[in-house]
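A look at the structure
Okay, here's what each chain looks like letter by letter:
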Amino acid sequence: MRFLITLIAATATLAAAPMDSDEQRLGFAALSDGKTFDGWKNPGNWEIQDGAFARVRPSGQLTYEVRTLPDDFELRFDWKVSKGCNSGVYYRPGQVEYQVLDDIGSPYGENPRQAAASLFFCMAPSKRVTRPVGEWNTARIRCQGTVIEHWLNEQNVLSFDYADSKWAAEIRLLTIRGGDLKGRGGKLLLQDHGQDVAFRNLRLRTIPANEIIKPDLAFVPMPIPPAALAKEEARVRSMLEKKK
């Protein structure tokens, strides 16, 4: 009987949070059972739909309360947006965000520094590889030391070392917005920005010290079109004026 109970429990866990053998070997832990909000603070506007966290009404972010994120970590998750949706995953204290976006239907998409998989208002991805609205996208955030990676649909689209002086202008933008890449101990937040969005298969691991992540020296962020850059510069001026 004890063996049967253990087997049933193990089967239920696998069904709720499927992980492949590689993820199991790397030590990933599921952050959701796919059935409840256990471990999460839900302000009431999120529901469980087919094993996913779905934002279905206003308003409030979904917050993981079990622990803060490790200093060096890898987070994997899937996301799906509605038409025109703007959302994100916050993973360091302050305004440090993996952008989740309908790149085509949202006005934010005109600026690559605000595109899907960007480090919002800081670093654009190297290319756009989102799937159509209503389809699931896969994502990864990998952080170790001063290196940050954002993945989208199994492609490493953002990889840089924020201590490298060549990225000083981008880091200054994020600082003006209120982000600090040196911050640690942040909570995992799933953003509600006013449109329906869904997340599933959230899993987390601590990256061990003997597993070294190096920035991709060939990484080049997408250029910012002149019209989008002008809007960004106006927004920066407004932010700085408010700080006076």
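Bear in mind the structure is a predicted one, so any value in this text is a computation, not a measurement.

Some details on the overall build of the chain
Looking only at helices and strands, one finds four helices and 13 strands in the chain. Taking 244 residues into account, the globule formula puts the C-alpha radius of gyration at 18 Å, and the chain, at 18 Å, falls close to it. Taken over the C-alpha atoms alone, the chain extends approximately 65 × 45 × 35 Å along its principal axes. Counting every position in the chain, which comprises 244 residues, the buried fraction comes to 48%. Contacts spanning at least 24 positions in sequence make up 63% of the contacts within the chain whose residues lie at least 6 apart.

With respect to the packing of aromatic side chains
For the coordinates displayed, the defined rule picks out 11 aromatic pairs. Ring centres 6.1 Å apart and planes at 75° place the aromatic pair Phe 160 and Trp 167 in the edge-to-face group.

Considering the sheet that holds strand 2 (residues 40-41)
Here five strands make up an open sheet; going across it, the order is 2-5-12-7-8 and the pairing antiparallel. Edge positions in the open sheet fall to strand 2 and strand 8 (96-101), since each of these has one partner strand only. Sheet analysis places strand 5 (residues 62-64) next to strand 12 (residues 189-190), joined by two bridges and oriented antiparallel. By the bridge assignment for strand 12, Thr 63 is matched with Leu 189.

Some words on the state of the cysteines
Evaluation of the coordinates by the stated rule reveals zero disulfides. Here Cys 122 is not disulfide-linked; the sulfur of Cys 143 is the nearest cysteine sulfur, at 12 Å.

With respect to helix 3 (residues 168-177)
Within the sequence span of helix 3, burial applies to Glu 170, Ile 171, Leu 173, Leu 174, Ile 176 and Arg 177. Elements in contact with the buried residues of helix 3: strand 7 (86-92), strand 8, strand 11 (155-161) and helix 4 (226-242). Note on helix 3: the residue one or two positions beyond its end, Gly 178, has a positive phi of about 115°.

Some points on unusual backbone geometry
What you tend to see is this: most non-glycine residues have negative phi, and most peptide bonds are trans. A cis geometry characterises the amide bond from Pro 58 onward to Ser 59, with omega recorded as -15°. Among the secondary structure elements, Ser 59 is positioned in the loop between strand 4 (52-55) and strand 5. Phi angles above zero are rare outside glycine, and Ala 117 is one such case at about 75°. Relative to the helices and strands, Ala 117 is located in the loop between strand 8 and strand 9 (137-144). Phi is positive for Asn 201, close to 55°, though the residue is something other than glycine.

Some details on the pairing of strand 13 (residues 197-206)
The buried fraction of strand 13 amounts to seven of the 10 residues, a majority that puts the element mostly inside the structure. Sheet topology places strand 1 (residues 29-30) next to strand 13; two bridges connect them, and they run antiparallel. Bridge pairing links Ala 29 to Leu 204 in strand 13. Relative to strand 13, strand 4 runs antiparallel, the two being bridged by three bridges. Looking at strand 13, one finds that Phe 53 is bridged to Phe 199. Pairing analysis gives eight bridges linking strand 6 (residues 73-81) to strand 13, with the strands arranged antiparallel. Of the residues in strand 13, the one forming a bridge with Arg 76 is Arg 203.

Conventions and cut-offs
- Residues numbered from 1 in each chain as written.
- Predicted model: local features only at pLDDT ≥ 70, side-chain atom pairs only at ≥ 80, totals over all residues.
- Heavy atoms only, no water.
- Helix = DSSP H or I, 4+ residues; strand = E, 2+ residues; numbered from the N terminus.
- Rg over C-alpha atoms; globule rule 2.2 N^0.38 Å.
- Buried < 20%, exposed > 50% of the residue type's maximum accessible area, 1.4 Å probe, protein only.
- Contact = heavy atoms within 4.5 Å.
- Phe/Tyr/Trp six-rings, centres within 6.5 Å; stacked < 30°, edge-to-face > 60°.
- Pairing = 2+ DSSP bridges.
- Disulfide = S-S within 2.5 Å.

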